[in-house]
Amino acid sequence: MAAAAAAAPGVAPVRARFLTSKEEFHAFLRAGNKPEGQVRDDGEEEKKEEDKEKKEEEEEQVSSCQSEPPAKRVRAEDPGQDGENQEGAGAEEKERPERKRARGQNKSRPCMKPKHYEQSRLCPSVTQGSPGKCFFGPRCRFLHDVGEYLAGKPSDLGQRCVLFDTFGRCPYGVTCRFARAHLGDGHQNIVNAALAQQWEGKLLVRNNLSKDLQHRLRKRKFVFQKAEEYLRGLKPRGGDGKGGEATGEQEVSNCAAPQEGLGDGDSHECPVLQEQGGDPEAEALQSPSPRGDGVAPSIPTVGPLTDEDVTKLRPCEKKKLEIQGKLYLAPLTTCGNLPFRRICKRFGADVTCGEMAVCTNLLQGQSSEWALLKRHHTEDIFGVQLEGAFPDTMTKCAELLNKTIEVDFVDINVGCPIDLVYKKGGGCALMTRSNKFEQIVRGMNSVLDVPLTVKIRTGVQEKMNVAHKIIPKIREWGASMVTLHGRSREQRYTRSADWEYIAECAKIASPMPLFGNGDILSYEDANRAMEMGVSGIMIARGALIKPWLFTEIKEQRHWDISSGERFDILKDFTNYGLEHWGSDTQGVEKTRKFLLEWLSFLCRYIPVGLLEHLPQRINERPPYYLGRDYLETLMASQNVDDWIKISELLLGPVPPGFTFLPKHKANSYR
């Protein structure tokens, strides 16, 4: 059996005594008891009653084998590679005549909105202790009667509130799902004055969107002085039939002499991706150049002369991004939230970056998009990543962030492969739109006081690498650093990262730092990557699968972490989530949602003590195996129902009618 497992390509080598079949694996989980000491000490009696109800529901499903969710089914290269029985494979073929590769996103997944969790919500004015000052007045649709609210409120999840225990006060009051820990007579919110005073005046999370700024953005009253100045310097190129060069704003002097011919005509290779509204050649923009035939138009100025006008910051005088050799946690959509970044910081991540934020949404003042920019006080080197397709919106957004938030660098996403972004000209599409790409980099660099970095892929098509042509241009345009993901857009994650090509690009990029990214899941992988001559490594999926990877790299060891230690990490994540998203019903369910998203990656980790040989490879599919205890086996399940079961150990029972499907199908196995 061990020999068969070792011979199967693309399957992780688990020791024979731990291997099992799919049916036995799920039967073990159905028959197993919950591990002692893993459930919250508080609320055990309530959980026992809930467990009985769940067992009755699960008994109805015992007759039929519990299949994997559609998003986790794996397309094998041949029928014998998926580790399943041949009969099961044949049944799947009959059900799905066209076996389509599971990749990308689950675009039609169910979405439960907050109002589904609570039919009747308490007015925020009551929660904040000022019911007579309701902002909505007579039009308010929320409840103002605390007794009526409590009659329909779901039962509390435990005896202790993490917000009250940590900060001495829970701002959610009676709506908190752990309210019994801090409610006194008459449903009054108790405050631990001594503990609350310790946190008074301390800003734990920065980069919040103020109501005043949001109002100015929505009313379009925010002044983009530097961006407008740069954009006025761009003019349409005459119809000479050739792709225009975008040489950028000449007023912002470079430390080096300007280079000739930065746009070398790559634009004619762009596959059908044109600007909106007509001929892309006619719409190509360039800045006035003193060495060309154009003359820079005079820009009228009004008002007194300021120090900023006299002493304009040159690129060489900007703050340097000194992160060579550091461990960089990649900006991860959905899963790279603030609580997850806190976990990674604790395990040794040096540099963190917020999730990809769409520049147009930021310019519109969308609260959900601005939430992606929030920075915890423990994130000492922190950046934000922007996605956009046009110089005007990206330059304005860069100036907006430069004036309103605290970051150490701003990153441009030129690596996003998803269709939603690519078809609009953003993400990977910018690699084929050299004119717009140059205008974006030069424009953002001209309005930022912090370093500008760029994240790219090897190219768009699978066997046509273009990064080595683009990297020298990015350096000339003024970027401080480039991160290269060793795959093309078409490859997504189903092929190994090309580290040989990353090494070539690192030489070409010098003296500009280049970070490599792709397939790092162990300290050996990290060591091999650093030997390629890169300035540092960015870790993405490896951190999702095992966030303690940063510790392994720094201590140069394999950590055979126990299931109890892994469960404690999940406990910490839920506590951080309740701090960040709130301890009311909406906050609890938001924490659950992001926990489940993360569990869809965590289940791929195979404990060190179970492997036939080390290390585990990121693109090797875990076979069905029984762990050293029930919890270790439960964490290995790729079934959504088992992820929900883990979430219930931490956050109590799910609401009625709860459904979940992970955002990313994330099938990286060949």
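Analysis parameters
- Residues numbered from 1 in each chain as written.
- Predicted model: local features only at pLDDT ≥ 70, side-chain atom pairs only at ≥ 80, totals over all residues.
- Heavy atoms only, no water.
- Helix = DSSP H or I, 4+ residues; strand = E, 2+ residues; numbered from the N terminus.
- Buried < 20%, exposed > 50% of the residue type's maximum accessible area, 1.4 Å probe, protein only.
- Areas by Shrake-Rupley, 256 points an atom, 1.4 Å probe, with all protein chains shown as cover.
- Lys, Arg positive; Asp, Glu negative; His and termini not counted.
- Salt bridge = Lys/Arg side-chain N within 4 Å of Asp/Glu carboxyl O.
- Pairing = 2+ DSSP bridges.
- Axes fitted to C-alpha atoms, helices over the stretch in contact; angles between N-to-C directions.
- Contact = heavy atoms within 4.5 Å.
- Core = buried A, V, L, I, M, F, W, Y, C linked by side-chain atoms within 4.5 Å.
- 1 Å grid on protein atoms, 1.4 Å probe; cavity = no way out; pocket = protein on both sides within 12 Å on 5 of 7 lines; lining within 4 Å.
- Points joined across faces, edges and corners; volume = space filled by probe spheres on them.
- Nonpolar A, V, L, I, M, F, W, Y, C, P; charged D, E, K, R; others polar.
- Parallel < 35°, antiparallel > 145°, perpendicular 65-115°, else oblique.
- Left-handed = near helix turned anticlockwise from the far one by under 90°.
- pLDDT = per-residue confidence, 0-100.
- Expected span 1.5 Å × (residues − 1).
- Right-handed = clockwise from strand over helix to strand, strands pointing away.

(A) Fine view of the overall build of the protein. Along the backbone of the protein there are 28 helices and twelve strands. Scored against the burial criterion, the 670 residues of the protein give a buried share of 53%. Working note: accessible area of the protein is about 31600 Å², and carbon and sulfur atoms make up 49% of it.

(B) Just the side chain of K455, in detail. Structurally, the position occupied by K455 is in strand β9 (residues 452–457). Despite its burial, K455 remains without a salt bridge, the nearest opposite charge being carried by D411 at 7.1 Å.

(C) Highlighting the sheet that holds strand β8 (residues 409–414). If you walk across this open sheet you meet the eight strands as β4-β12-β11-β10-β9-β8-β7-β5, and the pairing is parallel. The sheet terminates laterally at β4 (327–329) and β5 (352–358), the two strands that pair on one side only. Mean inter-strand twist for the sheet, computed between neighbouring axes without regard to direction, equals 25 degrees. Pairing of β5 with strand β7 (residues 382–387) involves five bridges; the strand directions are parallel. Across the sheet, residue V358 finds its bridge partner in β7, namely E387. Along the sheet face, helix α19 (residues 434–447) touches β7, β8 and β9 and points at about 170 degrees away from the line of β8. With respect to the sheet, helix α21 (residues 499–509) is in contact with β10 (481–485), β11 (514–517) and β12 (536–539), its orientation differing from that of β11 by roughly 170 degrees.

(D) Examining the pattern of salt bridges more closely. Taken as a whole and judged by the stated rule, the model has 26 salt bridges. For R557, the salt bridge identified is with E555, shortest N-O distance 2.5 Å. Judged by relative accessible area, R557 falls into the partly exposed class, the value being 31%. Take E555: its relative accessible area is 46%, and that puts it in the partly exposed class. The shortest N-O distance in the salt bridge between R592 and E589 comes to 2.9 Å. With R592 and E589 both in helix α26 (residues 585–602) and three residues apart, the pair spans about one turn of that helix.

(E) Up close: the nonpolar core. Residues M444, I456, L514 and I537 are the most contacted members of the largest nonpolar core, which totals 148 residues. The next biggest cluster of nonpolar side chains, apart from the first, holds eight residues, and it includes L122, C123, L143 and V174.

(F) Structural detail: empty space enclosed by the protein. Counted according to the given criterion, the structure contains five cavities of 30 Å³ or more. Counted as a void, the largest cavity has a volume near 90 Å³. Contributing to the lining of the largest cavity are 13 residues, with R566, L570, L599, L602 and M635 lying nearest its centre. Counting only elements with at least two residues in the lining of the largest cavity, the list comes to α25 (563–581), α26 and α28 (640–651). No other element matches the four residues that α25 contributes to the lining of the largest cavity. Split into classes, the residues belonging to the lining of the largest cavity amount to twelve nonpolar, no polar and one charged.

(G) Layout of the packing of helix α14 (residues 338–346) against α25. It is the contact of α14 with α25, at a shortest axis distance of 8 Å, that shows an interaxial angle of 135 degrees. Our classification of the angle between α14 and α25 gives oblique. Where α14 crosses over α25, the two elements pack in a sense that is right-handed. Residues L338, P339, F340, R342, I343 and R346 of α14 touch α25, and the partners they reach there are I569, D572, F573, Y576, G577, E579, H580 and W581. Residue classes in the contact of α14 with α25 are distributed as eight nonpolar, two polar and four charged.

(H) Summary view of the packing of helix α11 (residues 225–232) against α19. Direction vectors running N to C along α11 and α19 enclose 140 degrees, while the axes themselves pass 9 Å from each other. By the angle between their directions, the pair α11 and α19 is classed as oblique. Considering the relative orientation of α11 and α19, their crossing is right-handed. Packed against α11, whose contacting residues are K226, A227 and Y230, the element α19 presents Q439, R442, G443, S446 and V447 at the interface. Tallied by class, the residues present in the contact of α11 with α19 amount to three nonpolar, three polar and two charged.

(I) Layout of the pairing of β9. In terms of burial, β9 is a largely internal element, six of the six residues being buried. Here β9 shows a buried face lined by L452, V454 and I456 and a second buried face lined by T453, K455 and R457. Pairing between β8 and β9: five bridges, direction parallel. The residue bridging V414 from the neighbouring strand is I456, located in β9. Pairing of β9 with β10 involves five bridges; the strand directions are parallel.

(J) Highlighting the confidence of the model for the protein. Residues with a pLDDT of 70 or more make up 72% of the protein, whose mean pLDDT is 79. For residues 1–7, every residue scores under 50 in pLDDT, and the model assigns this stretch five contacts once sequence neighbours within four places are set aside. With pLDDT under 50 throughout, residues 34–50 is counted as low confidence; its partners more than four residues away or in other chains account for 27 contacts.

(K) Structural view of α26. Taking 1.5 Å per residue, 18 residues should reach 26 Å; α26 reaches 25 Å between its end C-alpha atoms and fits that length. Among the 18 residues that make up α26, 15 are buried, leaving the element largely enclosed by the rest of the structure.

(L) How the structure looks around the environment of K374. Tracing the backbone shows K374 in the loop between α16 (367–370) and β6 (375–376). Classification of K374 by relative accessible area gives partly exposed; the value is 23%. When the C-alpha positions of K374 and L209 are compared, they lie 9.0 Å apart, and in sequence the two are 165 residues distant. Among residues more than four places away in sequence, those in contact with K374 are V205, R206, N207, N208, L338, R341, E379, F382 and H580.

(M) Local environment of the pairing of β11. Burial along β11 is two-sided: the residues L514 and G516 and F515 and N517 are all buried. In this structure, β10 lies alongside β11, joined through four bridges in parallel fashion. Paired with L484 across the strands is G516, a residue of β11. Running through α21, the crossover from β10 to the neighbouring parallel element β11 is right-handed.

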